[in-house]
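Read off the chains here:
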Amino acid sequence: MNKIVRIITAASLSIASLVCSTSVYAGEVLQRVLDSKTLKVAVGTDWGAMSSLNANNELDGYDIEVAKSIAKYLGVKPEFVTPGWDIIAAGSWQGRWDMSMGQMTATKTRAEKFDFSIPYFYERAAVVVHKDSKASSFSDLNGKIIGVASGTLAEAYANQNFKWDWIGAHPEDYKFKAGEVKVYTTSNIAFDDLRIGDGTRLDAIVTDGTIAEKAIKSGYPFKVLGYLFATPCSIPMMKGDKEFNEKVSAALKSMKDDGTLSKLSIKWYGSDHSVEK
């Protein structure tokens, strides 16, 4: 009888030890994801090539495919939720989703409330000129009229009050000094002024590289003079679950190493934004 009790007790201790070791390995969020076999991901429905609704009213885009690949790496299924960007950025998720897409830059301020994965996308700031422009270098824009969208990093850069405030940033010198910075509500409106002709209303525009490349591909008479800087974009998660962060980053590293991120970027953007250039 005592022998049977000892065997049962030993077995119980072994099971308890196994459960405890699993719990230690997996943090709260990772454990929830593994137990539910579901990765809840916050995305947008109108974020262009990142994530938007396709003709079949289904979510599609670069970020959607990346999120699906991360879920596959974890051995779970993705489930997408669509809160507004302001709600995502506020940080009070309360377990409603596990991570967010949206190519967020890991600034020092944001790092106070989020943990971030390794970068999975680099957004390059591009300087666009009319195809007839004689400018061949950034210095040719000194004293010129530069168009930017309001409230963007491009506006800050053109006005020379830009802050390289993301984690691991390396501040650089400004490549030109504008004579006038003309601010628009959107880059598209600035494009309409530049397309009229070189120097007619604008000499150049500073905007996101993906936006510039799309405009040129759609027929705008522009060319990219060059790229100013690249901001690394990462996946935010609520602070505190190191194991979950490591798993997501490991999935991204795997996709970067085997070329998946590069292929998806070229598929959705026409160029490789998986590496810094």
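The structure this text deals with has already been given above.
Here the structure is a predicted model, which is why all the values come from computation and not from measurement.

Draft legend 1. Geometry of the nonpolar core. In terms of nonpolar packing, the biggest core is built from 40 residues, with Leu-39, Val-66, Ile-70, Met-99, Met-101, Tyr-120 and Phe-244 touching the most fellow members. For this core, the secondary-structure elements that each account for two or more residues are helix H2 (28-36), strand S1 (38-42), helix H3 (62-74), strand S7 (114-116), helix H8 (242-257) and helix H9 (260-269). For this core, the element with the highest residue contribution is H3, accounting for seven residues. Phe-138, Leu-141, Val-148 and Phe-176 belong to the second-largest nonpolar core, a separate cluster that totals 24 residues.

Draft legend 2. Region of the structure containing the pairing of strand S11 (residues 204-208). Most of S11 is tucked away: four of the five residues are buried. Looking at chain direction, strand S8 (residues 121-130) and S11 are connected through four bridges and run antiparallel. In the sheet register, Val-127 faces S11, and the bridge partner there is Val-206. Examined bridge by bridge, strand S9 (residues 145-149) and S11 share two bridges and lie parallel to one another. Bridge pairing in S11 links Gly-147 to Ile-205.

Draft legend 3. Here's a closer look at unusual backbone geometry. If you check the backbone angles, Lys-37 has positive phi at about 55° while not being a glycine. Note that Lys-37 resides in the loop between H2 and S1. A residue is classified by how much of its surface remains accessible, and Lys-37, at 55% relative accessible area, is exposed. For Gln-160, which is not glycine, the phi torsion reads 60° and is therefore positive. Among the structural elements, Gln-160 can be located in the loop between helix H5 (153-158) and strand S10 (180-184).

Draft legend 4. Expanded view of the pattern of salt bridges. Tallying each qualifying case throughout the model produces nine salt bridges. A salt bridge links Lys-131 to Asp-132, with the nearest nitrogen and oxygen atoms 3.4 Å apart. Residue classification places Lys-131 among the partly exposed residues on the basis of a relative accessible area of 48%. A salt bridge links Arg-201 to Asp-193; the shortest N-O distance between them is 2.8 Å. When its relative accessible area of 9% is taken as the criterion, Asp-193 is described as buried. Several salt bridges converge on common partners, so that one network encompasses Lys-182, Asp-193 and Arg-201.

Draft legend 5. Up close: the layout of surface pockets. Roughly 1400 Å³ of internal volume is contained in the largest pocket. Only strand S6 (104-105), S8, H5, helix H6 (187-194), S11, helix H7 (209-217), strand S12 (222-234) and H9 provide two or more residues apiece to the lining of the largest pocket. Here the element with the most residues in the lining of the largest pocket is H7; it accounts for six residues. Put simply, the second largest pocket is a space of about 300 Å³. No other element matches S12, which puts four residues into the lining of the second largest pocket. Along the lines of polarity and charge, the residues of the lining of the second largest pocket split into 12 nonpolar, four polar and two charged.

What counts and how
Residues numbered from 1 in each chain as written. Predicted model: local features only at pLDDT ≥ 70, side-chain atom pairs only at ≥ 80, totals over all residues. Heavy atoms only, no water. Core = buried A, V, L, I, M, F, W, Y, C linked by side-chain atoms within 4.5 Å. Buried < 20%, exposed > 50% of the residue type's maximum accessible area, 1.4 Å probe, protein only. Helix = DSSP H or I, 4+ residues; strand = E, 2+ residues; numbered from the N terminus. Pairing = 2+ DSSP bridges. Salt bridge = Lys/Arg side-chain N within 4 Å of Asp/Glu carboxyl O. 1 Å grid on protein atoms, 1.4 Å probe; cavity = no way out; pocket = protein on both sides within 12 Å on 5 of 7 lines; lining within 4 Å. Points joined across faces, edges and corners; volume = space filled by probe spheres on them. Nonpolar A, V, L, I, M, F, W, Y, C, P; charged D, E, K, R; others polar.

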